[in-house]
Amino acid sequence: FDSLTGSRRWEAAGDEYPLNRITVDRVSGRVAAAGGTPGTNGKIFLYASEGQLERTIVGHEDSIYGLDFNPTGELLVSSSYDKLLKLWNPSTGEE
């Protein structure tokens, strides 16, 4: 949403499973959304600030329930029902 007008700028969409978390990199405006359902591999969807899907990251063995960028936007941390915290490079998608 545009914070000044309240109008929708673009819409994030996952895949067949619901999105559980969303976070915004305050430096670049990049958006990360994550989800899944219990017992399915969690996925992270990274969007450019204009809404284009940049990449999909798969690396958790269960749904993701926590997601945030660090203050500089150089790292993305995710937590999952697989009991793991993972650090990602949002520019490459690598763990």
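A brief report on the enclosed structure follows. (Residues numbered from 1 in each chain as written. Predicted model: local features only at pLDDT ≥ 70, side-chain atom pairs only at ≥ 80, totals over all residues. Heavy atoms only, no water.)

Let's talk about the nonpolar core
Next, step 1: Grouped together as the largest cluster of nonpolar side chains are ten residues: Ala32, Ala34, Ile44, Leu46, Ile57, Ile64, Leu67, Phe69, Leu76 and Trp88.
Next, step 2: Only β2 (31-35), β3 (43-47) and β5 (64-69) provide two or more residues apiece to this core.
Next, step 3: Counting residues per element, this core draws most heavily on β5, at three residues.
Next, step 4: The residues touching Leu46, leaving out its near neighbours within four places in the chain, are Arg30, Val31, Ala32, Gln52, Leu53, Glu54, Arg55, Ile57, Phe69, Leu76 and Pro90. (Core = buried A, V, L, I, M, F, W, Y, C linked by side-chain atoms within 4.5 Å. Buried < 20%, exposed > 50% of the residue type's maximum accessible area, 1.4 Å probe, protein only. Helix = DSSP H or I, 4+ residues; strand = E, 2+ residues; numbered from the N terminus. Contact = heavy atoms within 4.5 Å.)

Considering the pattern of salt bridges
Next, step 1: Under the criterion given, the structure shown has two salt bridges.
Next, step 2: Two residues, Arg30 and Glu54, come together in a salt bridge whose shortest N-O distance is 2.9 Å. Of this pair, Arg30 sits in the loop between β1 (19-24) and β2 while Glu54 sits in strand β4 (residues 53-58), and the two are 24 residues apart along the sequence.
Next, step 3: A salt bridge links Lys86 to Glu95; the shortest N-O distance between them is 3.8 Å.
Next, step 4: With relative accessibility at 11%, the residue Lys86 sits in the buried group. (Salt bridge = Lys/Arg side-chain N within 4 Å of Asp/Glu carboxyl O.)

Focus on the packing of aromatic side chains
Any two aromatic rings considered together are summarised by their centre-to-centre distance and by the angle between their planes.
Next, step 1: The final tally for this structure, using the stated rule, is one aromatic pair.
Next, step 2: On the numbers, 4.7 Å between centres and 45° between planes, the contact of Tyr65 with Tyr81 is tilted. With Tyr65 in strand β5 and Tyr81 in the loop between β6 (76-80) and β7 (85-88), the pair connects residues that are 16 residues apart, well separated along the chain.
Next, step 3: On the basis of relative accessibility, which here comes to 36%, the residue Tyr65 falls in the partly exposed class. (Phe/Tyr/Trp six-rings, centres within 6.5 Å; stacked < 30°, edge-to-face > 60°.)

A few points about the sheet that holds β5
Next, step 1: The strand order across the open sheet built from three strands is β5-β6-β7, with neighbouring strands paired in antiparallel fashion. Single-partner strands in this sheet number two, and they are β5 and β7. Averaged over all pairs of adjacent strands, the angle between their axes in this sheet comes to 20°, without regard to strand direction.
Next, step 2: Two elements, β6 and β7, share four bridges in a ladder whose sense is antiparallel. The residue of β7 that forms the bridge with Ser79 is Leu85. (Pairing = 2+ DSSP bridges. Axes fitted to C-alpha atoms, helices over the stretch in contact; angles between N-to-C directions.)

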